[in-house]
Structures are given as C-alpha cells and as structure tokens.
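These are the residues of each chain, in order.
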Number of protein chains: 4
Amino acid sequence: MLVVMDINAKQELIDAVVETAENKGYKAMPIPGGDRVSIGILYNKGSVDKSHFLGFEGVKEVIPVTKPYKQVSREFKNENTIIKVGDIQIGGDEITIIAGPCAIESEKQAMDIALSVKEAGATLFRGGAYKPRSSPYSFQGMGIGGLKILSKVREETGLPVVSEVIDLEVFDAVEDYVDVLQIGTRNMQNFSLLKRAGKAKKPVILKRGMAATIEEWLMAAEYIMENGNPDIILCERGVRTFVNHSRNTLDISAIPVVQKESHLPIITDPSHAAGVRDQVLPLSLASVAAETDGLMIEVHNKPEEALCDGAQSLLPEQFDMLCKKVRKMKELCRE
Amino acid sequence: MLVVMDINAKQELIDAVVETAENKGYKAMPIPGGDRVSIGILYNKGSVDKSHFLGFEGVKEVIPVTKPYKQVSREFKNENTIIKVGDIQIGGDEITIIAGPCAIESEKQAMDIALSVKEAGATLFRGGAYKPRSSPYSFQGMGIGGLKILSKVREETGLPVVSEVIDLEVFDAVEDYVDVLQIGTRNMQNFSLLKRAGKAKKPVILKRGMAATIEEWLMAAEYIMENGNPDIILCERGVRTFVNHSRNTLDISAIPVVQKESHLPIITDPSHAAGVRDQVLPLSLASVAAETDGLMIEVHNKPEEALCDGAQSLLPEQFDMLCKKVRKMKELCRE
Amino acid sequence: MLVVMDINAKQELIDAVVETAENKGYKAMPIPGGDRVSIGILYNKGSVDKSHFLGFEGVKEVIPVTKPYKQVSREFKNENTIIKVGDIQIGGDEITIIAGPCAIESEKQAMDIALSVKEAGATLFRGGAYKPRSSPYSFQGMGIGGLKILSKVREETGLPVVSEVIDLEVFDAVEDYVDVLQIGTRNMQNFSLLKRAGKAKKPVILKRGMAATIEEWLMAAEYIMENGNPDIILCERGVRTFVNHSRNTLDISAIPVVQKESHLPIITDPSHAAGVRDQVLPLSLASVAAETDGLMIEVHNKPEEALCDGAQSLLPEQFDMLCKKVRKMKELCRE
Amino acid sequence: MLVVMDINAKQELIDAVVETAENKGYKAMPIPGGDRVSIGILYNKGSVDKSHFLGFEGVKEVIPVTKPYKQVSREFKNENTIIKVGDIQIGGDEITIIAGPCAIESEKQAMDIALSVKEAGATLFRGGAYKPRSSPYSFQGMGIGGLKILSKVREETGLPVVSEVIDLEVFDAVEDYVDVLQIGTRNMQNFSLLKRAGKAKKPVILKRGMAATIEEWLMAAEYIMENGNPDIILCERGVRTFVNHSRNTLDISAIPVVQKESHLPIITDPSHAAGVRDQVLPLSLASVAAETDGLMIEVHNKPEEALCDGAQSLLPEQFDMLCKKVRKMKELCRE
C-alpha cells in the first residue's frame, strides 16, 4: 500500500503515518518523490485496510498495491485447477457444455430437453428447482419436486445435473440431489451462502455479480475455498452497464484476466448476458474464441410457454447447431 | 405491453401474436402505424412476461408498459406510509437521523458513540453485529455479543437500535434484539431473506442494490410487503458507475422518483456512497435538500482504529456539526 | 410513440393529448388498457420528440416506438453495404485487417511497421498524424509531416492508409493524403465533423463513442449519410463501464445487433478496448467468432519507446501470430 | 508511478525496469515489499506514461501516483478563481443562476423568456444558436440569427448572454456576440475546440463529458488554460450510468471533489441530468446544498412547442419558485 501525502505535508504528519503503520506491525518506508512524499507500507500479509490511513491529516490518497485474494490466485498455485464431475473434467482440454431450461417445469419437459441437449453434445444438464425471481408474482420454481426430476434425468440420461442453491434452508436438499451447485449472480456476495458452499462436498459454479469487479468475484471464491471447498468454477454472465441492446454486457476480457489471476476454471453464460435468443450464438462463439473453459446455455423446447426466461432460450435445433460450431472452434483453438 | 412487428411482417404473423395473447387470456389490439403494425396487449393484471412474445417470427421488439410493482406503488395507496418506531416517525415531517459505527466492536465503543450521537441529535442508533465483508479475512462482526451490546445501548440511551440481518440463520436473533432490521445492498435480491423479512414484526430498512434499477428495488420491497410486512424504509446508498472519485455514485434523483412511484419513505446513506469522510457532509445536505426522509450516517470516535469502514466514518464533532446543518436545512425545506 | 396516461387521468386530459398530436399532424389513437389509457401516436414520419407530450398534465410516461435512424437502417436497404478501397472490400466475405502504430513517429518507424504488418497479412495501414490526446502535454502527432509519411508508405507497400480527422481545419489535408478517414470515439457526436465527413469522397470509419448507445451511434452515421457519403464503416472499440481490468469493455453483442439493425459493415478495435497488450489476441478472436467484418490493431516495433499507447500495441511477431489465427478462424466461420 | 513486479520476477528484470526509467531521466527506487518488489519512479515532472513500463517482462501492474493536471489544480494555485462577467462574479459568494431556453427560436420567444427569468433572479441568459442534436433531422439552431437575438436580449435586459460553440468555423462569430462561451458535453474532448477556447478572450463554461472522469475533465480544462485562457467554469451535468429513471445521473460528489482538486468554479446543470421537468427542482436544491457555485437551468414559456428539450424545461412560474428556494438555501449555507 502506498500512502500519498499532500504536497506540503509537514514532517510531523509524515512521521505520524509511519508511526501508525509500525504500531500495526507493518514496515513503513517514506519515499521522497520531488514534489511530495509517499509512504510505502511493506511486509504486510494480505491487503491493508485503506481506512487506517485515509482521512489522516496530510494524507492525499491511499493506493492499494497487494491484491486481497490468496488461495484462489495463480501466485498461490500455478497449475490450472481441473474439476471432476464423474468422468467429466471442467477446466481441462475439452470445453464443457452445460445446457437445459431456466426452470424445471415438469418431468416431461425436463426429460425431453435433457435428451435433446445430450444428443447435441451437452455433458451436464442444468435446470432450476428454486428460482430467484425479481417479482414475487413470478413462478418461484418447483422446489423439492424439481430436484427429484433432476435426479431422474441423471438416472435416465447419465448426465450429471446442476442446480441453483438460493439459501441456507434448501442447501442440504440441493446438495443431496445434484452434482454441481450453482450460486447465482444476486448471491455472489451472500457471504453466509458462500461459507456454506465452502462446507459442501460438491463443486460450485459461482456466477459473477452483476456489478462485481474481478477482485470482488475472486474474493467471493476465496470465501468458498477458505471454508474448505477447492472445487469452484467461475461463471461470467455479463455485467450491468448503460448498454440497452442486451440484458447485460458480456465482459469477454474477464476470461483472460481471470485465467491470468487465478488457477480456477472460468465458464461463460451467454444466455443471461444476451437476454434474447439471437445474441446467444455469437456470444457463445466469442467466448470459445477467447478460450473459455465452458458454456452454460439455456434451452427450451417450447420457449413461448416457458415459465421463466423463454426469450433467451434456444430451441433444441438451434442448440444443436451451436454445439457443432463450438466443437469445431474449440478444435481450432487447440491446434 | 406493446409488441412491435417487423416492417414487412405478414398478416399471418400478426394473427399469430394476437392468438397467442388471447390464448393467455389477454386482449390484443393491432395498431396500424403507417410503416408497421404494433399490437397492444391489454387488460393484463400485472406485467406480462416479454418472453412470451419476443423471439416470435416477425416480432421486432416488445415494450413493457405496465410497471410490475403493485402494493408498494402510489397508485395502489396514495398517502405516504409513516413508520413508527417507539415515538419516532419515519416518513413524516421530521427528518430521521440514524447514526453509529459500521460495526459494534465493544461495549465501550458502542456506548461512547451512542451517547455522542444522541447528544448531537440522532434518533436511532445503528451498529452491525453480523457484517457482510468482501474478504473472508476481515472482521465479520461480534455476532450475538454485538446484539447484546445494542440492547444495552437502547436501555441506557433510550435510542431504538438498527442492525443488519444477513441470513435466515441469524434472523430470529436479530429480530429479537433490535428495533429496526436492515437488509444490505448485497442482499437486496436475496429473495429468501426478503420473504423472511415479510414475516417479521419489525420495520425493515431495504438498501438499494449497487446496480439495481428503481423498478427492481421496488419489486424487492414488494416481496416484503406481499409476505405481510408493510413497514419498509427504502435506503438509497449509491450505485456503481464508472466514476472513481467516490466509492459509489449517490443517485439523488432516486429520491423524487421513489416518492412519486411509491408511498414508502426513503432515506439516504451518504457514508457508503462516499466511501470517504469529506464527501459525507455535502452528500447529506444534498439529500436533505432533495427531501429525503432520513439519513443513515456512520460515526466512529476512533476511525483510524475502526475494524470496518473507518475512512468513511465521521468523528463525533463532525457529526454534531452535520446534525446542526441538517436540522436548519430541513426547517427551511418545510417552510 | 405511446403516451401512457396516469391511472386516473380524466377524459379532458386524454383529449388534450389527442388534440395536440393531431395539431402536429399525427394520428392519435386512445387505447383503453384496463387500469389506464395509453395513446398511440401514429403515422409519424421519423421519430416524434418525447418532449411534446412529457410533462403534460395526466401524462405518466412517453415510450418511443419508432427508431430514429432511416438511411443507415436495414429496413431502408436490406443488402449489406460493401465498401471498396482499391481492390479491398470491407464488409464482404474476407475479414479486413487494419494495422499500424497509434501515431506516426518517423518515416523509418512507419515503414518498418508497415512492411511487417503487410507481411503478416494486414490489408490497410493505419497511423495517426493528428492525435487527440487527453493531456495537452502529450505528443499531439506529426501533423502534415505524418500525412506525407503515410503517403510514402502507401507508395512503397501498396497498402491503402487510414488516418484520423480531428477537426474541420485539417480535414482537407487528411482527405487529400489518405484512403480512409477515421473519426475517433471522442468525436462521434462532433456533428460539424460528421457533416463534413458527409461531403468527403473517401470512406469513413466511425468509432463508437465511449458511452454511446447503438441508436446514438447509428444516428451519427445517419449524419454522414444524410450529407452525401454512403461509405461508412462502424467501429466498436469498447464502452466505459465500472469494469477496471481493461481500459474499456468490448461490447461483443454490438456486432450482431448492428448487423441486424443496419446494412453498414462493422469492424472491431480490440487494442483500445483492452488498453493492454495481452488482452488483444482474445478480444480479436472473440470478435472474429462473432462475425465482425474487420479488425483494427495497433502494432509497434518498439512499444516501450512509442510516443502513444505503447502498452496496448502488439509486437510484429505477436501480430503475425494473431493474423494466422484470425484467418483460420474466419475460414471456419465461413464454412 | 509505482511499477509492481511479478512475485517471482528475477533481479535482471527489476534491473531492466530501473535502467529504462533512468534512461528516460527519472529516478527509480526499488522497494522490497516482502513477497514482491515494486519500483518507485520518482522526480518525474508531470505524470509518466504507463505504457513505458506495462508489458515489460516481469511487470505485473503499473500504478500512477501523480495527477496529470497542473495549472488547474489547487496545488498549483490555492485560492479560488473568481470569474467576472460584467458586474457578476462566478465562483464568489453569490450563487450564479444562468437560465433560458435550450434553443433560441425567435426574438419574441427569447425576449419573453429573458424578461421572466431576469425578473425571477437569473443573472445570465442562455440560449443555443448552434445546437448539437443527436439527429440530423432535428432543429439545428438559428445560427447567426440566433446570435443576433442574443445580442438584442443583452441590450434590452442587461443580462450577459451565454451560448454554445460547436466548431472552429462558428467560433469567431459566437465569441463576437456573446459574453460567455459554452463547450458542450459531447465536445469536452474535442481538443481542437479546447485549444481555440484557450485563445478566446471570453470565459468558457466547460461541461463534463457524459462518461468523463474528473481527471479527464480537469485535463480538458488544462488544455484551455495551457492555451492562454484562465477563465474556465466547470459544469457538472450528469453522467451516463445504467440508471434509467433520469436521462443522466447527476454526480453530486463531483462538486466537493472538484473544489478540493481545483481552484476553478463549478456550476451544475440539473436540466440535462434530469431530462424531465419534475426532477429539476430537487436536483437544483441538492446542488446548492452541496455548495455548487451556480446553476444553469432551462426555461421555456411554451415547453410543449419547444424545438428542443421541452420536457426538461421549467415554466417561468416554476423557475421563479426555484429561484426563491435557491436563494434561501444559499443564504443558509453561507451562515
């Protein structure tokens, strides 16, 4: 951390910062810079709270240098983390395709979609049993009934299943029934949920918050890892910006940046970024070209009757074409 | 809702939209517009899901008209909701000032600050017992011990106390000990928590999510109200933008817009918007000038030793001056 | 346009809106909706100014329906516009690669880079002679000297050259010397410059403003086209968001949306979106996968000595690898 | 500037950075920090280009410390700049109120509005003769005819007049006719215009760009000052964010931050931030409470017939009430 002093800060103010830092157990090193003095706060373990120096008399600015994340960082562990779900590896050489409807609506709906996405090449099936909906009047998911359907889908198709955990109360049930847990964008900083996910025995997909920096996102992953669960899959799903032609703005550069900063795999959810069907294919291919480790795609066989997010769901035949293109592009990237 | 058709959409595509709408129980009215036809979807109760029409062949765009919120809207209930906490009224003629430290750190700290903010004119005391922190390595709050201290503070000072609920597990305890519950910005769309807050017997301060539109915020309040609790205080605390000279950007126009759209009171939290002490006074006064119903301000007697958010905490003497200015300005506004 | 009335707006207020609309020569159609009345404003040529109805007593909201752009829209002209620069076609089957340094610094620098980017596969050479710099103390470009160097580069390499026009004063000179004119992101709504570009005899690359919606961007193109120049190439270069790990956030979904709304070609500038070298390759490939019509890439042979934007410039060998990958991916996309 | 090295950067890479810095004439000081080394770049005059170090092997990050602005900074000149326009002082004890229509439409319109705003208490009259409009089909202003009307308004009312300069071609004419020049938000980084404004003999109102940081805004002012004109009035007019209930988001904290960083006066334009009439009063009062030096307000006597931005224009009687409230609040702030 660098404490930048006012241009005419007197020596005693500089000394006060140095003393405070050393009282807190850090080493402080004044750096004369010409016009003004800065003070380096050194040998700190983990990042230092800006608050300890901001607002001191004579302090103009406090600039953090150390990143606050540790265990999730590539500096902590250099090789890629590969997450195994049955025979599937997420973060390895193959691209992982997770597909299914926004919400489980009935056994028939789930099974029909699961069979078609499997046929097209998806390796995991997704479907919400508990749905976080912005309106209390919208369909909130089938709950335990939905989990049981997911279980049957796995039995019949062999596809591992992914579903969202929305709170501590339903966590155990979801953990029992599914293979991969998902934490949604609105819960990225639900720290109680993150701590519980850290105790889970199943891998966790952690979606990026709608307005989260990569640092905040990795810190959310750090919560899970610090609580004992190393199997975390990050999922970029678009961020909120002024742009109004898509529901959110897919932040493609998050892929290389996360891969540089962290050893965890990162997948992309183009469906939620787009919010509308005809942007899903280009955003998917763009993600693959930028070397995402996987895609999570919403598919519905009757989108106009879907109880949730029909507008962004691909039809099975569209998904089939997407899979074909994705596979070819992945091959090309591997060359 | 207005379904806008492509410029050369054939009659059969128009008919298909009309039929679908009528099958769903709405009335559909084609509106010829010169170049293209639009179809009004009418007599719907509540807002209609765009997904039901977006992605239809021949549909260019779907434009929502009806707002999705009901019970929280001023169209539903015209007079202002005034919330009573003991003798205090929030949303009435007086401005409510809620003050205290970010986190309860010790009985002495809490009591010292409480006495000084009461002296200055605060009418409620705030302090976190359970803290949502972006790092798992940061102080997470004193928990139940903090709640007990809050309880003592109320006993000794007579100030009602406000504290945050962060999950379902601690909800009962917080509800037992405090007078007003707070739901934080990161939990604004934690729908399980909102539903539980709807069952609570105490008023709830609902902070705006960092990237939430007013519509989403009011829908979060709708969750609480629909579940049985009408005592909701909205709290504007700044939104995330590209601006980097404050932690968040205080959205002043949210005050008049919320007051127009909803009957609920709205207060402002300038401390979290600013993130730094010297912006707190101007943002507070600006909020009062824009007719906020209250302020929530962080105060600490030793900010450089605070375990949380010291940089944005006012010193007691700064808070005292703020209260004097706020009261004068409120008087002026009332004239 | 749809004028949405207050829930309890009286008939006379509705009549007043209708009358005003008809006085302005529109047709107005009241649409009863259950709770409230909306009024469709119909048979307008071009979009109607919201201001004419917003703020009327009894009016709750005014919702535009018609898009304001005409000549640039795909509804106006359905087939893709292909722009010819010598033998090169922009917007056709081949992907166009434009490369070169941010600024022309010397003849040797320009020529060395031009030869290497040509070798790698670039088909146009770019280089700034007049540079818009955020600091008055930064290098402002070589001016006319830079243009002359560009001219020599074209002579020796056969590559058509692209350079930025920054104001009316230098416009004629730039137009004389170069093959394609560029209007920068900060000038996207410099309407005087756009009008002048409309009189130009050379194609214009129009960069998207840092905070421009697609509608505003297409309206800027409309200015150029309305003034007589149909040869416009749109260039997505990232938008300003809260995201801080890249200089701007490349808005990939702008590619399919522009291609749907307009007949004009769209290229991508990943260098300015990234702001840092190691994001340029993934953003380039992502753009190609999303079917961009071209790329504009900054290349410098000695980035650490560049007078402008060295950090985002690729080295010639990196650019060479990029071109190879881009071509393979383009081939794949065409299959 | 601080160059942060990778955790395992070898000594030779550190030496390379030091050498490069010293070759460029800076002093470089390696700072061992525990895990990694950072290198302070010292004794630089003005800010150093990040590009010179970013992308070096072994360099993780480059963190700027020095602000790039000089002459406009409060560190350069400590006392407030007060700008005189006739008898009026902008940036002094009195709050400056500038009012008038978006565009001059006729002599009668201008004169009627001018008389009423003068009566209400405005001290300068504004009105556009050259209008930057997002559509080429919108009214572009009366041009020279508008300037002549402004001139008559001044003659008859005694109010100094403000109007916008949109390009180099019309600059001389506007400078001749008006008392204060305005540079609009879309031209904030039109550097040719800024340089010309630096040669002008009249004060310049410089509006903040829609997506400009304060640093970029002050650098735009630096252009004007460096070119010879010290009379610059900054104008906050809202920034573009995801928020959709106002046209832009007024950034209130820009007022105290600009006043801390710069000696220049700052005024506020609530009309353009709001985009809609009923937010103008609260945003105005909020600005005054936050100690803005002035307000620029759009007023029209027949907003439903205005050729530009009628929806955000106050009626004369609304403006009258606003002035009364503003004056009272200003008095209070001065106490």
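Residues numbered from 1 in each chain as written. Chains lettered and ligands numbered in written order. Predicted model: local features only at pLDDT ≥ 70, side-chain atom pairs only at ≥ 80, totals over all residues. Heavy atoms only, no water.

1. Looking at the pattern of salt bridges
Here the structure, examined in full by the defined rule, presents 68 salt bridges over all chains. Residue Glu94 of chain C pairs with Arg334 of chain C through a salt bridge whose shortest N-O separation is 3.9 Å. You can see Glu94 of chain C sitting in the loop between β6 (88-90) and β7 (96-100) and its partner Arg334 of chain C sitting in helix α10 (residues 316-334), a full 240 residues away along the chain. Residue Arg334 of chain C is classed as partly exposed on the basis of its relative accessible area of 39%. Sharing partners across several salt bridges, the network here consists of Asp172, Glu175 and Arg196 of chain A. (Salt bridge = Lys/Arg side-chain N within 4 Å of Asp/Glu carboxyl O. Helix = DSSP H or I, 4+ residues; strand = E, 2+ residues; numbered from the N terminus. Buried < 20%, exposed > 50% of the residue type's maximum accessible area, 1.4 Å probe, protein only.)

2. Thoughts on the relation of the copies chain C and chain B
At an RMSD of 0.0 Å, chain C and chain B line up after a rotation of 180° and a shift of 0.0 Å along the axis. Here the two chains are linked by the operation of a two-fold rotation axis. When each C-alpha of chain C is compared by its distance to the rotation axis, Phe242 of chain C comes out closest, at 2.1 Å. Of the residues that chain C buries at the interface, 100% are likewise interface residues in chain B, meaning the two copies contact each other through the same surface. (Least-squares fit on C-alpha atoms with pLDDT ≥ 70 in both. Contact = heavy atoms within 4.5 Å.)

3. Structural notes on the interface of chain D and chain C
Interfaces are often sized by the accessible area lost when the parts come together. Each partner contributes to the interface: chain D provides 45 residues, whereas chain C provides 45 residues. Between chain D and chain C, roughly 3700 Å² of surface is buried when both sides are summed, and carbon and sulfur atoms account for 52% of that area. The interface formed by chain D and chain C includes two salt bridges. Residue Glu216 of chain D is joined to Arg240 of chain C by a salt bridge in which the shortest nitrogen-to-oxygen separation is 2.6 Å. Run the count over chain D and chain C and you get 22 residue pairs in polar contact (both at pLDDT 80 or more). At the level of elements, α4 (168-177), α5 (191-199) and α6 (214-226) of chain D are the ones that each hand at least two residues to the side of chain D that touches chain C. If one sorts the elements of the side of chain D that touches chain C by residue count, α6 of chain D sits on top with five residues. (Buried area = accessible area lost by both parts, 1.4 Å probe. Polar contact = N/O pair within 3.5 Å; in protein donor to acceptor, adjacent residues only side chain to side chain.)

4. Focus on the sheet that holds strand β2 (residues 27-32) of chain A
All names here are of chain A. Pairing is antiparallel across the open sheet formed by four strands, whose spatial order is β2-β3-β1-β4. Only two strands of the sheet have a single neighbouring strand rather than two, namely β2 and β4 (59-63). This sheet shows a mean twist of 20° between the axes of neighbouring strands, independent of strand direction. Across four bridges, the pairing between strand β1 (residues 2-5) and β4 is antiparallel. Paired with Val3 across the two strands is Val62, which belongs to β4. (Pairing = 2+ DSSP bridges. Axes fitted to C-alpha atoms, helices over the stretch in contact; angles between N-to-C directions.)

5. Topic: the domain arrangement of chain A
According to the domain assignment, chain A contains domain 1 (2-63) and domain 2 (83-334). With centres defined by C-alpha atoms, the gap from domain 1 of chain A to domain 2 of chain A works out at 44 Å. (Domains from an automatic or database assignment.)

6. Things to note about the packing of α4 of chain D against α5 of chain D
Residues and elements named next belong to chain D. Packing of α4 against α5 leaves a shortest axis separation of 11 Å and a crossing angle of 30°. As summarised for this structure, α4 and α5 are arranged roughly parallel, according to the angle between their axes. For the crossing formed where α4 meets α5, the hand is right-handed. Of α5, the residues touching α4 (which contributes Leu168, Phe171, Asp172 and Glu175) are Ser192, Leu193, Arg196 and Ala197. Here the contact of α4 with α5 is composed, by residue class, of four nonpolar, one polar and three charged. (Parallel < 35°, antiparallel > 145°, perpendicular 65-115°, else oblique. Left-handed = near helix turned anticlockwise from the far one by under 90°. Nonpolar A, V, L, I, M, F, W, Y, C, P; charged D, E, K, R; others polar.)

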